[in-house]
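# A closer look at the structure
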Amino acid sequence: MRFHLIAVGTRMPQWVSTAYAGYAKRLRAGCQLELREIPAGKRSQSADIARILRMEGERCLAAVPADARLIALERQGKSRTTDQIADSMGQWLREGRDVVFLVGGPEGLAPQCLDRADELWSLSELTLPHPLVRVLLAEQLYRAWSMLNHLPYHRE
């Protein structure tokens, strides 16, 4: 099975790419994390934000593998503890179905992404910068995987 992170936005700061890659590469075969960046629509003072959001949503959903579980990261979603993420991960590994996490752009995710999602998760009640969400998600997935595999990382 694979985890897919589909995120709106490209050209992340180097620290984001380095931190994300550091956690993603720690996940072993059978539980890989793959990033797919979706170019953000061009925003300006006169931009049609609803149209940009709809187009970003279409590109995000087009990148979702068939039959994958879709989890949208949304501030108003359900908060999860690390233990709950580990429990979910254990179930997903048993099912063998790919899991996709969606991260939106500056205005969040398009309504069609939220409607299609199997679950809405919140990483925090805070509004987080989207580059940081990539790092936090990768770290939490690695931490959950470490818990399932009885590795010392979770206790560090």
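Refer to the structure presented above.
Parameters at a glance
- Residues numbered from 1 in each chain as written.
- Predicted model: local features only at pLDDT ≥ 70, side-chain atom pairs only at ≥ 80, totals over all residues.
- Heavy atoms only, no water.
- Helix = DSSP H or I, 4+ residues; strand = E, 2+ residues; numbered from the N terminus.
- Rg over C-alpha atoms; globule rule 2.2 N^0.38 Å.
- Buried < 20%, exposed > 50% of the residue type's maximum accessible area, 1.4 Å probe, protein only.
- Contact = heavy atoms within 4.5 Å.
- Areas by Shrake-Rupley, 256 points an atom, 1.4 Å probe, with all protein chains shown as cover.
- Lys, Arg positive; Asp, Glu negative; His and termini not counted.
- Charge placed at Lys NZ, Arg CZ, Asp CG, Glu CD.
- Pairing = 2+ DSSP bridges.
- Right-handed = clockwise from strand over helix to strand, strands pointing away.
- Axes fitted to C-alpha atoms, helices over the stretch in contact; angles between N-to-C directions.
- Parallel < 35°, antiparallel > 145°, perpendicular 65-115°, else oblique.
- Left-handed = near helix turned anticlockwise from the far one by under 90°.
- Nonpolar A, V, L, I, M, F, W, Y, C, P; charged D, E, K, R; others polar.
- Polar contact = N/O pair within 3.5 Å; in protein donor to acceptor, adjacent residues only side chain to side chain.

## Regarding the overall build of the protein chain
Looking only at helices and strands, the protein chain has five helices and five strands in total. Shown N-terminal to C-terminal, the secondary structure of the protein chain runs as helices and strands in the order β-α-β-α-β-α-β-α-β-α. Whereas a compact globule of 156 residues would reach a radius of gyration of roughly 15 Å, the protein chain reaches 15 Å, a difference of no more than 12%. Expressed as lengths along the three principal axes of its C-alpha atoms, the size of the protein chain is roughly 55 × 35 × 25 Å. The buried share of the protein chain, reckoned over its 156 residues, is 44%. Counting contacts in the protein chain only where the partners sit at least 6 residues apart, residues at least 24 apart contribute 82% of the total. With an accessible surface of roughly 8500 Å², the protein chain has 50% of that area assigned to carbon and sulfur atoms. Across the protein chain, the centroid of the 21 positively charged side chains sits 5 Å from that of the 18 negatively charged ones.

## Here we look at the pairing of strand β3 (residues 69-79)
The sheet contact formed by β3 and strand β4 (residues 99-103) spans four bridges and is parallel. The partner of Leu70 across the bridge, within β4, is Val100. A crossover links β3 with its parallel partner β4, the connecting element being helix α3 (residues 82-95), and its sense is right-handed. In this sheet, strand β5 (residues 119-122) lies alongside β3 in parallel orientation, the contact comprising five bridges. Paired with Ala72 across the bridge in β5 is Leu120.

## Some remarks on the packing of helix α1 (residues 14-26) against helix α5 (residues 130-148)
Viewed as axis vectors pointing N to C, α1 and α5 meet at an angle of 20°, and their least axial separation amounts to 9 Å. Looking at the two axes, α1 sits roughly parallel to α5. As for the relative orientation of α1 and α5, their crossing is left-handed in sense. Residues Trp15, Val16, Ala19, Tyr20, Tyr23 and Arg26 of α1 pack against Pro131, Leu132, Arg134, Val135, Ala138, Glu139, Tyr142 and Trp145 of α5. Grouping the amino acids of the contact of α1 with α5 by side-chain chemistry returns eleven nonpolar, no polar and three charged.

## Some words on the environment of Pro111
Among the structural elements, Pro111 can be located in helix α4 (residues 111-116). Pro111 sits 70 residues away from Gly41 along the chain, and the two C-alpha atoms are 16 Å apart.

## A look at the side chain of Arg143
Relative to the helices and strands, Arg143 is located in helix α5. Reaching out from Arg143, the side chain makes a polar contact with the side chain of Glu139 at a distance of 2.8 Å.

## Description of unusual backbone geometry
Notably, Arg11 is not glycine yet its phi reads approximately 55°, a positive angle. Within the secondary structure layout, Arg11 lies in the loop between β1 (2-8) and α1. Judged by its relative accessible area of 79%, Arg11 is exposed. Notably, Asp67 is not glycine yet its phi reads approximately 65°, a positive angle. For Asp67, the position within the fold is in the loop between α2 (49-62) and β3. We classify Asp67 as exposed; its relative accessible area is 61%.

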